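# Notes for the structure review
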Amino acid sequence: LDALESEQLIERYRAKGTFVRKRSATQLWCEVPTTWAGLLLMGRDDAVIEVLSDERGTQPTYIPHEIGDLAPSYRHVRRRHSSQATPFVVTELYIDERLCGRISKHDLQTKTALRLVSEIAGVKVADARQTLTISTADVETAERLDIPVNAPVAIVYRSVADRAGCLVLLAAGTYRGDMVRMD
């Protein structure tokens, strides 16, 4: 009961009993589209994107799809997206460093990963892949998403290659399991 109460699923009152809490009228669902057009439109209108870290001169630690060749160097950006003051996804982006001069600080704080790359002048996307994996939150993810350790999460891996066959974007978004939906 303590765990259910800490997740705000029940309310307990001395001498009255334990009651299931009514769900809020506003759901914070974040849909994960499966088409390119849908992915570009993805994102909540009320989302706030916070940049947690930004490091240059890196290489990705994981390559989810074999659709292109690695760039010489990547910019590694970690971000957290929130809606109504509730975090719903943390992302790790690896962006081809040669493109980063054309991405503003404002873009990093307002655009989804795929919009960042697709809206860079001169970049023509030739291939893109997405894979969804169900997992549980580790300590760091639980802290960043304000959920219990081992809570369900959905990890969406995305890879984008340009016409030259270069992986211009590798991204992993870890969504709260209670806020993600695929239709």
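Anything mentioned here points back to the structure above.
In this report, we go over the structure that sits alongside the text. (Residues numbered from 1 in each chain as written. Predicted model: local features only at pLDDT ≥ 70, side-chain atom pairs only at ≥ 80, totals over all residues. Heavy atoms only, no water.)

## Some details on the overall build of the protein chain
- Each helix and strand counted, the protein chain has five helices and 10 strands in total.
- The 183 residues of the protein chain split such that 42% are buried.
- Carbon and sulfur atoms form 49% of the exposed surface of the protein chain, whose accessible area is close to 10,600 Å². (Helix = DSSP H or I, 4+ residues; strand = E, 2+ residues; numbered from the N terminus. Buried < 20%, exposed > 50% of the residue type's maximum accessible area, 1.4 Å probe, protein only. Areas by Shrake-Rupley, 256 points an atom, 1.4 Å probe, with all protein chains shown as cover.)

## Regarding the packing of aromatic side chains
- In the structure shown here, the tally under the stated rule is two aromatic pairs.
- Ring geometry for tyrosine 13 versus phenylalanine 19: centroids 6.1 Å apart, planes at 55 degrees, classification tilted.
- Accessibility expressed as a relative area gives 40% for phenylalanine 19, which makes it partly exposed.
- The positively charged end of lysine 16 is found above the aromatic ring belonging to tyrosine 13, 5.9 Å away from the centroid. (Phe/Tyr/Trp six-rings, centres within 6.5 Å; stacked < 30°, edge-to-face > 60°. Lys NZ or Arg CZ within 6 Å of the ring centre and 35° of its normal.)

## Points about the side chain of lysine 111
- Looking at the element boundaries, lysine 111 is found in the loop between helix 3 (105-110) and helix 4 (113-118).
- In this structure the side chain of lysine 111 is engaged in a polar contact, spanning 2.6 Å, whose partner is the side chain of glutamate 119.
- Once residues within four sequence positions are removed from consideration, lysine 111 is found in contact with Ile49, Arg79, Leu116 and Glu119. (Polar contact = N/O pair within 3.5 Å; in protein donor to acceptor, adjacent residues only side chain to side chain. Contact = heavy atoms within 4.5 Å.)

## A word on the nonpolar core
- Counting residues in hydrophobic clusters, the biggest one holds 17 residues, and the most contacted among them are Leu93, Ile95, Ile103, Leu116 and Leu169.
- For this core, the elements supplying multiple residues, two or more each, are strand 6 (86-96), helix 4 and strand 9 (167-176).
- Among the elements that take part in this core, helix 4 stands out by supplying four residues, more than any other.
- For isoleucine 95, the contacting residues outside a window of four places in its chain are Ser73, Tyr74, Arg75, Cys100, Ile103, Leu116, Val168 and Leu169.
- Ranked by size, the runner-up nonpolar core spans 10 residues in total, among them Ala137, Leu145, Val153 and Ala172. (Core = buried A, V, L, I, M, F, W, Y, C linked by side-chain atoms within 4.5 Å.)

## Here's the deal with the sheet that holds strand 7 (residues 125-136)
- With antiparallel pairing, the six strands of this open sheet are ordered in space as 4-5-6-9-8-7. For this open sheet the edge positions go to strand 4 (48-58) and strand 7, each flanked by a neighbour on one side alone. Pairwise comparison of adjacent strand axes, ignoring direction, gives a mean angle of 15 degrees for this sheet.
- Examined bridge by bridge, strand 5 (residues 74-83) and strand 6 share 10 bridges and lie antiparallel to one another. Bridge pairing in strand 6 links serine 83 to threonine 86. (Pairing = 2+ DSSP bridges. Axes fitted to C-alpha atoms, helices over the stretch in contact; angles between N-to-C directions.)

## Focus on the pattern of salt bridges
- For the structure shown, the criterion picks out 12 salt bridges.
- Between arginine 78 and glutamate 92 there is a salt bridge, with the nearest N and O atoms lying 3.1 Å from each other. With a gap of 14 residues between them, arginine 78 in strand 5 and glutamate 92 in strand 6 connect regions that are remote in the sequence.
- One salt bridge in this structure joins glutamate 140 and arginine 144, with 2.9 Å as the shortest N-O distance. Taken together, the residues glutamate 140 and arginine 144, both in helix 5 (residues 139-145) and four residues apart, mark about one turn of the helix.
- When its relative accessible area of 42% is taken as the criterion, glutamate 140 is described as partly exposed. (Salt bridge = Lys/Arg side-chain N within 4 Å of Asp/Glu carboxyl O.)

Interpretation in functional terms is not warranted from these geometric data alone.
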